[in-house]
Amino acid sequence: MSVIKDMKVSIKRIPQSRISQVDFNNLPFGRVFADHMLVCDYKNGAWGAPEIMPYGKFEIFPCITALHYGQAIFEGMKAFKNQDGDAWLFRPEENFKRMNLSAWRMCMPEITHEIFIDGLKELVRLDSNWIPTQEGASLYVRPHMFGTDEYVGIKPSDNYRFVIFSCPVGAYYPEPVGLWATRKYVRANEGGTGEAKAAGNYAASLLGAREARDRGLNNVMWLDGHDHAYIEECGTMNMFFVINGTVVTPNLSGTILHGITRDSVLTLLEDHGIPVEVRRVSMAEIKEAFANGTLEEAFGAGTAATIAHVDRIGFEDEPHMILPKIEDRKISNMLLRELADIRTGRIEDKHNWMVKI
Ligand code: COI
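If you're wondering where the values come from, they're calculated on a predicted model, not measured in any experiment. (Residues numbered from 1 in each chain as written. Predicted model: local features only at pLDDT ≥ 70, side-chain atom pairs only at ≥ 80, totals over all residues. Heavy atoms only, no water.)

1. A look at the overall build of the protein chain
Scanning the protein chain from terminus to terminus reveals eight helices and 19 strands. With respect to the principal axes defined by its C-alpha atoms, the protein chain has extents near 65 × 55 × 35 Å. Expressed as a percentage of the 357 residues in the protein chain, the buried residues total 54%. Of the contacts formed within the protein chain by residues at least 6 apart in sequence, a portion of 70% connects residues at least 24 apart. For the protein chain, the accessible area works out to roughly 16400 Å², and carbon and sulfur atoms hold 50% of it. (Helix = DSSP H or I, 4+ residues; strand = E, 2+ residues; numbered from the N terminus. Buried < 20%, exposed > 50% of the residue type's maximum accessible area, 1.4 Å probe, protein only. Contact = heavy atoms within 4.5 Å. Areas by Shrake-Rupley, 256 points an atom, 1.4 Å probe, with all protein chains shown as cover.)

2. Things to note about the site of the ligand
Lining the immediate surroundings of the ligand are Phe 74, Gly 76, Tyr 140, Arg 142, Tyr 172, Lys 197, Thr 236, Thr 303 and Ala 304. Arg 142 places a polar side-chain atom, nitrogen or oxygen, 3.4 Å from an oxygen atom of the ligand. In this structure, Lys 197 approaches the ligand through a side-chain N or O atom, which is 2.9 Å from an oxygen atom. Within the complex, the protein chains bury 90% of what would otherwise be the 280 Å² of accessible surface of the ligand. (Near = heavy atom within 4 Å. Polar contact = N/O pair within 3.5 Å; in protein donor to acceptor, adjacent residues only side chain to side chain.)

3. Looking at a nonpolar patch on the surface
A cluster of nonpolar residues, Phe 58, Ile 60 and Leu 67, forms a patch on the protein surface that exposes about 270 Å² of accessible area. Mapping Phe 58 onto the fold places it in the loop between β5 (51-54) and α1 (65-69). (Patch = residues over 30% accessible without salt bridge, like charges linked within 9 Å, V, L, I, M, F, W, Y side chains within 5 Å. Salt bridge = Lys/Arg side-chain N within 4 Å of Asp/Glu carboxyl O.)

4. A look at the packing of helix α6 (residues 260-271) against helix α8 (residues 330-343)
Where α6 contacts α8, the two axes come as close as 11 Å, and the packing angle between them is 105°. In terms of orientation, α6 lies roughly perpendicular with respect to α8. Contacts from Thr 261, Ser 264, Val 265, Leu 268 and Leu 269 in α6 reach Ile 331, Leu 335, Glu 338, Leu 339, Ile 342 and Arg 343 in α8. In the contact of α6 with α8, the residues fall into seven nonpolar, two polar and two charged. (Axes fitted to C-alpha atoms, helices over the stretch in contact; angles between N-to-C directions. Parallel < 35°, antiparallel > 145°, perpendicular 65-115°, else oblique. Nonpolar A, V, L, I, M, F, W, Y, C, P; charged D, E, K, R; others polar.)

5. With respect to the environment of Glu 114
Structurally, Glu 114 can be placed in helix α3 (residues 113-126). With sequence-adjacent residues up to four places away left out, Glu 114 is seen in contact with Met 7 and Gly 119.

6. Thoughts on the nonpolar core
Within the largest apolar cluster, 41 residues are counted, with the highest numbers of intra-cluster contacts made by Trp 47, Ile 111, Phe 116, Met 145 and Phe 162. At the level of secondary structure, the elements contributing two or more residues to this core comprise β2 (7-11), β3 (36-43), β7 (77-81), β8 (87-90), α2 (92-105), α3, β9 (138-147) and β10 (160-169). Among the elements that make up this core, the one with the highest residue count is α3 (seven residues). Discounting residues that sit within four places of it in the chain, Phe 116 has contacts with Met 77, Pro 92, Asn 95, Phe 96, Met 99, Ile 111, Pro 143, Phe 162 and Ile 164. (Core = buried A, V, L, I, M, F, W, Y, C linked by side-chain atoms within 4.5 Å.)

Right, dumping it as structure tokens:
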């Protein structure tokens, strides 16, 4: 039993760590799981005591509300080790706030700071030897919550489970990505759930992503659901374009995820005095910039994706636009390097983004 502030967390350790079975030099994203997980249940209008236990299966009934009606939300964040071997989380308070924004939108109870932040620290501390130190690798931490009522019918669940597990990961996109924009499918609409990190948003994106892959690209670059003209996000990351030296990124319109990496990128760009425009950006503008040679860079920013270079953009059945060479991209390469340097303590963390565990 461990006590964080006034909260009791019971800890049942794994009898034998699985870490020796893991090749840290070859980490596929999201397939390898660290030794422990945190589980906490909500019933009778209150959260119970969190428990840390060996990562593994748990039993649920087939009728639970999350499985049928989609009350399921999640977060993604990363832990790193600095040069001295200390473990740090990148901006976990932002994940805590966004988790509760998603909870509000999906009629789920707020998670408390103690369970989310203190529980998270306790869990990552226990599994801190799972934090990879290879360049570009990290421990990806996945808090999530889902409705567990045994009930067939549409209403907010009365019972919930909150879980955190973690995975040592390498790059989500090991290579530059190709994106496809289309008017055929829509990710989110005004008044919908687009800015919540809700599981259903990701399910809704799968068909478009499959079609993008059939076209030789990696994913969809979603357009708005009203005019089908303005770029929203990619589903795995927020979008940025460098047009004639100015960074342009879609504004948070209510249908776009409030990306924590997006926010960090905007701050770093400001630090460097690089001109930024946060506004609506249309596919027509991107096509025109490509045609007149002013589309210098395109990249995505996300927790899993970090900074992902975009090397091809397709629109409907038109030929793919092939973007400038990755090595010539000053801004996205600077952001990638600087974020990695802050996270591993190689440069000063001026904005106090890193939280020691
Ligand atoms: C994240 O970036 O944390 C996400 O949840 C997106 C997913 C591609 C893993």
